[in-house]
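Remarks on the overall topology
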Amino acid sequence: MSARPMIELRKVSKRFGDFQALKAIDLEVAPGEKIVVCGPSGSGKSTMIRIVNGLERHDSGTVVVDGIELRDDLREIEAIRAEVGMVFQSFNLFPHLTVLQNLTLAPLWVRKMPRRQAEALAMELLERVKIPEQAGKYPGQLSGGQQQRVAIARALAMRPKAMLFDEPTSALDPEMIKEVLDVMVELAREGMTMVVVTHEMGFARTVADRVVFMDQGEIVEAAPPQEFFGAPQTDRARLFLSQILGH
Amino acid sequence: MSAPVHPVVNAAGSAPAGGAAPLRWLRANLFASWPNALLTLAALWLLWRALPPFVDWAFLDAIWTAPDSKACRAAAGEGACWAFVAEKHRFILFGTYPYEEHWRPAVACVILVGLWAASGLRRLWNWRLVPLWAAGLAAVGVLMWGGVPGLPYVENERWGGLILTLLLTTFGLAIAFPLAILLALGRRSGMPVIQGLCVGFIELVRGVPLISLLFMASVMLPLFLPERVTIDKLLRAQIAMILFAAAYLAEVVRGGLQAIPRGQYEAADALGLSFWEKTLLVVLPQALRISIPPLVNTFIGFFKDTSLVLIIGLFDLLSTVKVSLTEPAWTGFGVEAYLFAALVYFVFCFAMSRYSQSLERELARADAGRRR
Ligand SMILES: Nc1ncnc2c1ncn2[C@@H]1O[C@H](COP(=O)(O)OP(=O)(O)O)[C@@H](O)[C@H]1O
Ligand SMILES: [Mg+2]
């Protein structure tokens, strides 16, 4: 394994108009490492992971993904996006395509994979997320939990080197959260590099190598889960933990 | 009379079977309340006054065939002179195209209508439509121009009538539609120069009547072109119509694009799809689908608007009708002639309108099937 980090943010800042959403963020994610990002709403978690695959452009600092620095060159950004999977809170499946077509679209067009191979891969991934029987359906015919698992499979179909998750279970009914988290835990066991924005602290405890706590555009703490949950260093983290674990 | 108002909740169609059903339907739909009953009676009275005389004129007293206009003149005012239409229909439909070659525009009309019909079938909605259209339009071109063995050359000044209307509409829409998509994409591109050009073009064209565009194309365009370059009248009119249709269609497409949630763009981006892959595979299929009803609406309007080319001296369906009336023997049968033209327009527009309605229903059903 190379010592080079999979994802590296150095002094990354981002403003929206007058509002400073990220203030000189530093973060390194090693290959195979699992990071859970938490923090109050509006603290910049989404902005940070969206910068990693160029959905949001940073104003200053450097972002390096798999050895490639993110600049304005669109081709480079597209190359990085192909290596980094992303799962959204609202699934964002393509409603006009079947589940199978959702999974094969990018492999066919971006990876130029032969159709037969792309479909075999898609079926294999649907097995992994435990819904192979839904391959011919449209996203609108699936439950939220099923849709999110399809979305995970769609990202995996590109054989990414890292996966970003932006609150993947926040839009789900409680009874569906577990089926999605199970898939993510399994993915973590297989050694995927993961950055997961979530408030599922049980998931953080089982899976995370480090928990990153953000507040007001800054990374306030970053520590292994036992340390972070057992002995948070800052008042802000303590307050946040008491709020989400309190009730 | 005291008409008790029955609480008929499910009006049409759901009345139980039996002798009372038609009566119940009448009461529920035509005599539900006093104003409703009055309107029904007024409408019936109007129909009773207007329909029999019209039927007499159009059918019972009409003259269907006549060797010349004398028979029609003799029956002046009593019945319609369909003999005029029978006599002139070839000219009305095909203009001054050489008489013995009329089968060529006729076949061309059939091909064009066939292309449209094929494009209307959902199961044919795939890339094969593109070569089909290319082949169809090429065949129409060869048929109309000729100049190949067996088909004498016919210059396009002699094209006219229905085929000209269909050609202007078909080529107009076939070129304007892709152009409109580019304009709509450009308008949303966020690149200042491209966006400015697209907005400028769309607003400019939408800001002037089609007539003035046609005049500009036929009168002003030649002034700007170098001495030796001449574009023929048909092409100039076609260009004007394309620009006109493109501007309106662009706004329809833009409406569809606006309805696509940002998450769709982001998901496509996150998978590494390029701009064109994202646009063609993810965004447009959804946006165009939403836009189908207003698109068909615009198509219908455009089909009828082609009749304006008569003011710059092209012989579309309406112009050939007008010209056929100028023959001394047949002057004065304008009502019959224009009714015939209206009927042809109506058949096409009604077909498009019904098609659009059935498509809307079908898509709604398909969408419902894609949800739980
Ligand atoms: N496109 C945008 N335009 C303006 N403000 C934005 C935009 N995206 C995010 N913000 C602001 O940046 C801050 C951080 O947002 P976000 O990263 O989404 O926070 P989080 O994901 O931690 O809830 C919020 O205050 C939000 O309102
Ligand atoms: Mg967020």
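Throughout this description, residue numbers start from 1 for each chain and increase along the sequence as written. Chain A is the first chain written and ligand 1 is the first ligand written, with later ones labelled in order. Local features in this predicted model are restricted to residues whose pLDDT is 70 or higher, and side-chain atom pairs enter the listing and the counts only when it is 80 or higher, whereas totals over whole chains, interfaces and linings include all residues. Hydrogen atoms and water are omitted, and side-chain values are computed over all heavy atoms in the structure.

1. Focus on the side chain of B:E251
All names here are of chain B. For the record, the criterion: The way it works is that DSSP assigns letters per residue, a run of H or I at least four long becomes a helix, a run of E at least two long becomes a strand, and they are numbered from the N terminus. We define a polar contact as two N or O atoms separated by no more than 3.5 Å, with the added condition that, inside protein, one atom must be a possible hydrogen donor and the other a possible acceptor, whereas residues neighbouring each other in sequence contribute only through side-chain atom pairs. Any two residues whose heavy atoms approach within 4.5 Å at even a single point are treated as in contact.
Following the sequence through the fold, E251 ends up in helix α10 (residues 233-258). Polar contacts involving the side chain of E251 include one to the side chain of R187, which spans 2.8 Å. Setting aside chain neighbours within four positions, we find E251 in contact with R187, I202 and R206.

2. What about the environment of B:V85?
All names here are of chain B. Among the secondary structure elements, V85 is positioned in helix α4 (residues 82-94). Remark: the alpha-carbon pair of V85 and S274, spanning 189 residues in sequence, is separated by 57 Å. Here V85 is in contact with E336 and F340, once residues within four sequence places are set aside.

3. Considerations on the sheet that holds strand β9 (residues 210-215) of chain A
Residues and elements named next belong to chain A. Defined as follows: In this description, strands pair whenever DSSP reports at least two bridges between them. Each axis is a line fitted through C-alpha atoms, taken for helices only over the stretch in contact, and angles between the N-to-C directions span 0 to 180 degrees.
Pairing within the open sheet is mixed, and its six strands lie in the order β6-β7-β8-β3-β9-β10. The two strands at the open ends of the sheet, each matched to only one other strand, are β6 (84-87) and β10 (218-223). The sheet shows a mean angle of 15 degrees between the axes of neighbouring strands, direction not considered. Contacting β3 (34-38), β6, β7 (162-166), β8 (193-197), β9 and β10, helix α1 (residues 45-52) runs over the sheet at an angle of about 150 degrees to β7. Running over the sheet, helix α2 (residues 74-83) touches β6 and β7 and is turned about 70 degrees from β6.

4. Section: helix α14 (residues 334-370) of chain B
Put simply, the test is: Here a helix's expected span is defined as the number of its residues, less one, multiplied by 1.5 Å.
Compared with the 54 Å implied by 1.5 Å per residue over 37 residues, the 53 Å span of α14(B) between its first and last C-alpha is a close match. Structurally, α14(B) contributes buried residues whose contacts are with α2 (34-60), α4, α7 (162-187), α12 (275-305) and α13 (317-324) of chain B.

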